[in-house]
Amino acid sequence: MDIIRKKKPWYFKYRYYLILGTILLVGFIYLIILALGPSRIYIDTDKVQIAEVRYGDFVEYVDVEGIVQPIFTLMVNADEEGNIERIVAEEGGLLNKGDTILTLTNRNLMHEIEDQRDEWNKQRISFQEKQLEMEQKSLTLKQQMLEATYELKKVEKNYALEKEEFSMGIRSKAQLEVAKDEYQYKTASTNLKIQSLQSDSAMTIVRKELLRNDYNREQKKWERYLQRTGNLVVRAPIDGQLSLIKVIPGQRVNAGENVAEIKILSQFKVHALLSEYYIDRVTTGLPATISYQGKQFTLKVSRVVPEVKDRMFEVDLIFTSEMPENVRLGKSFRVQIELGQPEQAIIIPRGNFYQETGGKWIYKLTADKSRAKRVPLTIGRQNPQQYEIMEGLSLGDWVITTGYDTFGDVEELIIK
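**Student:** It is not clear to me how the sheet that holds strand E12 (residues 258-263) should be interpreted in this structure. Could you clarify?
**Tutor:** The strands making up a sheet associate through hydrogen bonds between their backbones, and the pairing can be parallel or antiparallel. What the 4 strands build is an open sheet, ordered E5-E12-E10-E7; its pairing is antiparallel. Edge positions in the open sheet fall to strand E5 (73-77) and strand E7 (94-95), since each of these has one partner strand only. As paired elements, E7 and strand E10 (residues 240-245) share 2 bridges and run antiparallel to each other. Paired with Leu 94 across the strands is Gln 241, a residue of E10.

Below is the structure:
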């Protein structure tokens, strides 16, 4: 007896195709949902850093690299022109004040000194002769004064004798009158002579003083010429390190020309280059610090060069207390220059999110810290450790601050 078989449904024959189509359709729908929904990626918390938005002290400062330099460099100039005869000191060597750096030769100067020596000898002999003449004249005036005084006393005695003889009747009144007139005349004449001699003596004293002044002036002139020979030896004007010699043997240099440089090593400064962004904020007197071997050392801005080169400007700082040990020229330190007083602000730590987002947005974690979503952000001031938050975050929020170079532009992060 034949068995009647049931006819299979039409889709049974195409079941594999239908299953495959269904899978493709579901996958397509899933892709559409993903495309239309927020983009997200999975991240590992060990690969990123998270930080809490908090309220704390914010000190605006700039962190730069500073190079130790001498407090100042002294330019050494030649006081006399001449040719470089010999360079005695070596570059980099330590010098004491008065040490010889180099020597010069100047034949013209030596000839001038010889001529001046001859002239000085002539002047000195002339001064000595004039001085002898003055001394002789002084002696003559003293002798004349002595004689005039003697004559006056003699006339006084003669007149007194005439009066005594008149009282005794030996002399007549007419003779007494003649003796009186002669006495008065000689007295007046002798007094005039004494006054003249006194005036001549005073003039002689003045002339001797003028002569002495001329002598001293010519002597100093000669001594200055002699000092010029000493100027042919260029010496260190101060203790320091000879950092540079700008001349070579045989070279001709002019008076006042710079021939060497000496660095002062008794004190140091720290030289730094800052971005032009801070040029209106950095002024002399601002405090700064250096952290070295677990200790902090204080400095202050001593000089600001307002000229901007390659979008940078120069700043010098000096130590206000002790200096780090083993400070030497060319050593570098990280210097933090404070731009204001500490203030309370909403802050987050620095991270590479700022470089990737321009500070316009950040990933904020949800309350359970299982996901992080992009939120807009407004950043105010910043320092090398912190950002000041103006808008977009609240106290107690948690944010992701690093790893942004691997996130791309996804809207959401899934925390593993």
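Further notes follow.
**Student:** Looking at this structure, I do not really get unusual backbone geometry. What am I missing?
**Tutor:** Of all residues except glycine, most have a negative phi; of all peptide bonds, most are trans. One non-glycine residue, Asp 310, lies in the positive phi region at around 55°. Residue position: Asp 310 is located in the loop between strand E15 (295-309) and strand E16 (312-319). Positive phi, normally seen in glycine, also occurs at Lys 369, with a value near 60°. Mapping Lys 369 onto the fold places it in the loop between strand E19 (361-365) and strand E20 (371-376). Classification of Lys 369 as partly exposed rests on a relative accessible area of 34%.

**Student:** How do you make sense of the nonpolar core when you look at a structure like this?
**Tutor:** Core analysis: the biggest nonpolar cluster contains 25 residues, and Leu 274, Val 282, Ile 290, Leu 317, Val 335 and Ile 337 have the highest contact counts within it. For this core, the secondary-structure elements that each account for two or more residues are strand E4 (61-70), strand E13 (268-275), strand E14 (287-292), E15, E16 and strand E17 (332-338). Ignoring sequence-local partners within four residues, the contact set of Val 335 consists of Val 62, Asp 63, Val 64, Gly 66, Val 270, Ala 288, Thr 289, Ile 290 and Leu 317.

Procedures and definitions
- Residues numbered from 1 in each chain as written.
- Predicted model: local features only at pLDDT ≥ 70, side-chain atom pairs only at ≥ 80, totals over all residues.
- Heavy atoms only, no water.
- Pairing = 2+ DSSP bridges.
- Helix = DSSP H or I, 4+ residues; strand = E, 2+ residues; numbered from the N terminus.
- Buried < 20%, exposed > 50% of the residue type's maximum accessible area, 1.4 Å probe, protein only.
- Core = buried A, V, L, I, M, F, W, Y, C linked by side-chain atoms within 4.5 Å.
- Contact = heavy atoms within 4.5 Å.

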